[in-house]
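Next come the chains, spelled out residue by residue.
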Amino acid sequence: MSTGKISINSLTTLTSNGDEMYHNSKRPKQKLQGLGWFVTGLFIVGDLAGGGIVALPTALIQTKLYLGVAMLLVMAVVVTFTSYVLGRSWTMLIECWPEYREHTRKPYAEIGFRAAGPRMRTVVSLVCIFTQFMIAVVFLLLASKNIQDAIKAFGGVDFSFCLVVIIVSVCLLPLTFLKSPADFWWAIVLAMLTTTGAVLLIIIGAATDYGTCAPHRTVPDLKPTNTFLALGTFLFSFCGHASFPTIQHDMRRPADFTKSTFLAFSIMAVMYLATGVTGFLAYGDSLRSSVINSIQTIAIQQAINILITVHLFLTLVIVFNPLNQEMEELFRVPQSFCWQRAAVRTAVMAATAFVAESIPSFGPLLDLVGGSTLTLSSIVFPSIFYAFINARREKMVETGVDPGPVRFADVMKYNQRWVLVVSAITIVLGVIGGSAATFSAIQEIISTKFEYPCYVSAFLDKQNKIDIASTNCCGPFQNLTVFDSVTCSLPDTEFY
């Protein structure tokens, strides 16, 4: 209920605890089952870290080392703050409105609704659907590319990338039928372990190659376009907030989500710095969209490929879940397992595979999604929604009546000054940075990143295709006649 008389004593009791399961709708109790805060923190790392580990070394090269490290640390602080306020927003919803104490398919959209009304609920739903869908496409492409590389390295077979995308989609589909994150927490913990192993192997591989590759390393000039593209990569690597309320909703104590986010982003910052700096120092601008192909020891390279692929495969399970729940809510699918769930989730997987077959290069998509809807859902929306929901809650406690969505004057009155200042700075940075990254990504896609869709390239002359999956001289360009073995770069190819 959004209006009516509120028991201030009851609200105060709820506020003091913040759990989700209640007896007699009065005193909150801990859920008998659900995710603990530590496992949830690993959950977040497993959800976000895979793509960032392989792509961030390129972003550091685009921005040179010192600016890149500074951008990485600032981004880590920003997303930690926005995840904190987003988690507090959901905690306030389950404190103030009893209907959210049961299973909710679209928790993020409900946060938008309580902050700004029904139109915002629709906007948030659309943003979350697009964001999760495009993340799923990027991860599906990256997992398929890694599998193709492993098949070529170990079997000597140049297996069709387009066919691998279809095989991965079919194998992944049954796992996406699981209802919610609480049903597959084990998958993300395993993803966290594989990510850790990949980080260690990347560091070992880069350190092994340093003596050979570093003398030939070059770094491109610092350009505004490259800086903004790198910002898109940073945003993609750290931002996954669209799924956070869904994960938080499955915790035993949702109020502990803030602990989870501090743990997760601390771990991710260390991982990203370790792989990014070592990749920068060893390989320079021979890197393109992934650090994996630049590692010269084939055994280490393919071991990382396997670990990252397992990670991505498991992560896709949670990436698809909020998207599937959004679509099920749209088509009013029952909560229990049924043929409608299978049909909707199969259709979502088919649509994801089709887009992946249509745009078989994940680098440009990563920058575009990172700069656009990920910025909205991970930086802009959390700061705005928290300020409005907190003001509504405080006014509710003060008056004993739910006032509905509050005005800007109430936001200024009921929120602490530091919250307003930090939120304003975060929103401005998000809008400027996201807009610049989106514009640069669109320019890059239009000008230099076109690849034929799989259903078109299948009919082209294979002799005209260039394979860049192999390694050579600190970079993925073996067998290219234009390769410059002295500088370890492509002299006629602009770094992106």
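Preceding this section is the structure that the text describes.
Residues numbered from 1 in each chain as written. Predicted model: local features only at pLDDT ≥ 70, side-chain atom pairs only at ≥ 80, totals over all residues. Heavy atoms only, no water.

Could you clarify how one ought to interpret the packing of aromatic side chains in this entry?
Given two aromatic rings, one states the distance between the centres and the angle between the planes to describe the pair. Here the structure, examined in full by the defined rule, presents nine aromatic pairs. Judged by centre distance (6.4 Å) and plane angle (40°), the ring pair of Phe238 and Phe265 falls under tilted. Taken together, the residues Phe238 in helix H8 (residues 224–238) and Phe265 in helix H10 (residues 257–283) connect sequence positions 27 residues apart. Exposure remark for Phe238: the relative accessible area of 0% places this residue in the buried category. For the pair Phe381 and Phe385, a centre-to-centre distance of 5.2 Å together with 20° between the ring planes defines the contact as stacked. Note that Phe381 and Phe385 are positioned in helix H14 (residues 373–399) at a spacing of four residues, about one turn of the helix. (Phe/Tyr/Trp six-rings, centres within 6.5 Å; stacked < 30°, edge-to-face > 60°. Helix = DSSP H or I, 4+ residues; strand = E, 2+ residues; numbered from the N terminus. Buried < 20%, exposed > 50% of the residue type's maximum accessible area, 1.4 Å probe, protein only.)

Just checking my understanding: could you explain the packing of helix H6 (residues 161–172) against helix H12 (residues 339–358) for this structure?
For any two helices packed against each other, the geometry comes down to the angle between their axes and how far apart the axes lie. The N-to-C vectors of H6 and H12 enclose an angle of 165°; their axes lie 10 Å apart at closest approach. Considering the angle they form, H6 stands roughly antiparallel to H12. Read as a crossing pair, H6 and H12 show a hand that is right-handed. Contacts between H6 and H12 pair Cys162, Val165, Ile166, Ser169 and Leu172 from the former with Met349, Ala353, Ala356 and Glu357 from the latter. (Axes fitted to C-alpha atoms, helices over the stretch in contact; angles between N-to-C directions. Parallel < 35°, antiparallel > 145°, perpendicular 65-115°, else oblique. Left-handed = near helix turned anticlockwise from the far one by under 90°. Contact = heavy atoms within 4.5 Å.)

Looking at this model, I keep getting lost on the side chain of Thr352. Mind explaining?
Its location among the elements puts Thr352 in helix H12. Apart from residues no more than four positions distant in its own chain, Thr352 is found in contact with Phe133, Ala136, Val137, Leu140 and Phe320.

It is not clear to me how the environment of Ala70 should be interpreted in this structure. Could you clarify?
Within the element layout of this structure, Ala70 appears in helix H3 (residues 65–96). Counting along the chain gives ten residues from Ala70 to Leu60, while the straight-line C-alpha distance between them is 9.9 Å.

Could you clarify how one ought to interpret the environment of Met396 in this entry?
Relative to the helices and strands, Met396 resides in helix H14. A sequence separation of 300 residues divides Met396 from Cys96, and the C-alpha atoms of the two residues are 9.0 Å apart.

Explain helix H4 (residues 107–116) here, please?
The element H4 is largely enclosed, with a buried count of nine among its ten residues. Taken as a whole, H4 has its buried residues at Pro107, Tyr108, Ala109, Glu110, Ile111, Gly112, Phe113, Arg114 and Ala115. The inward-facing, buried residues of H4 abut H3, helix H5 (118–155), helix H9 (244–249) and H14.

So what exactly am I meant to see when it comes to empty space enclosed by the protein here?
In this approach, a probe sized like a water molecule rolls over the atoms, and the result shows the empty space that is left. Counting across every chain of the model gives three cavities of 30 Å³ or more. Roughly 90 Å³ of volume is contained in the second largest cavity. Put simply, the parts of the chain that give the lining of the second largest cavity at least two residues each are helix H2 (37–62), H5 and helix H11 (298–330). Looking at the lining of the second largest cavity element by element, the count peaks at three residues for H5. When grouped by side-chain class, the residues that make up the lining of the second largest cavity number seven nonpolar, three polar and one charged. (1 Å grid on protein atoms, 1.4 Å probe; cavity = no way out; pocket = protein on both sides within 12 Å on 5 of 7 lines; lining within 4 Å. Points joined across faces, edges and corners; volume = space filled by probe spheres on them. Nonpolar A, V, L, I, M, F, W, Y, C, P; charged D, E, K, R; others polar.)

Can you help me understand the pattern of salt bridges in this one?
Two side chains carrying opposite charge are able to pair once their charged atoms lie near each other. According to the stated counting rule, one finds nine salt bridges in the structure shown. As a salt-bridge pair, Arg114 and Glu99 come within 2.7 Å of each other at their nearest N and O atoms. Taken together, the residues span a long stretch of sequence, with Arg114 in helix H4 and Glu99 in the loop between H3 and H4 at a distance of 15 residues. Taking the shortest distance from any N to any O, the salt bridge between Glu394 and Arg393 comes out at 2.7 Å. Via salt bridges that share partners, Glu95, Arg393 and Glu394 belong to a single interconnected network. (Salt bridge = Lys/Arg side-chain N within 4 Å of Asp/Glu carboxyl O.)

Don't take any of this as a statement about function, it's just geometry.
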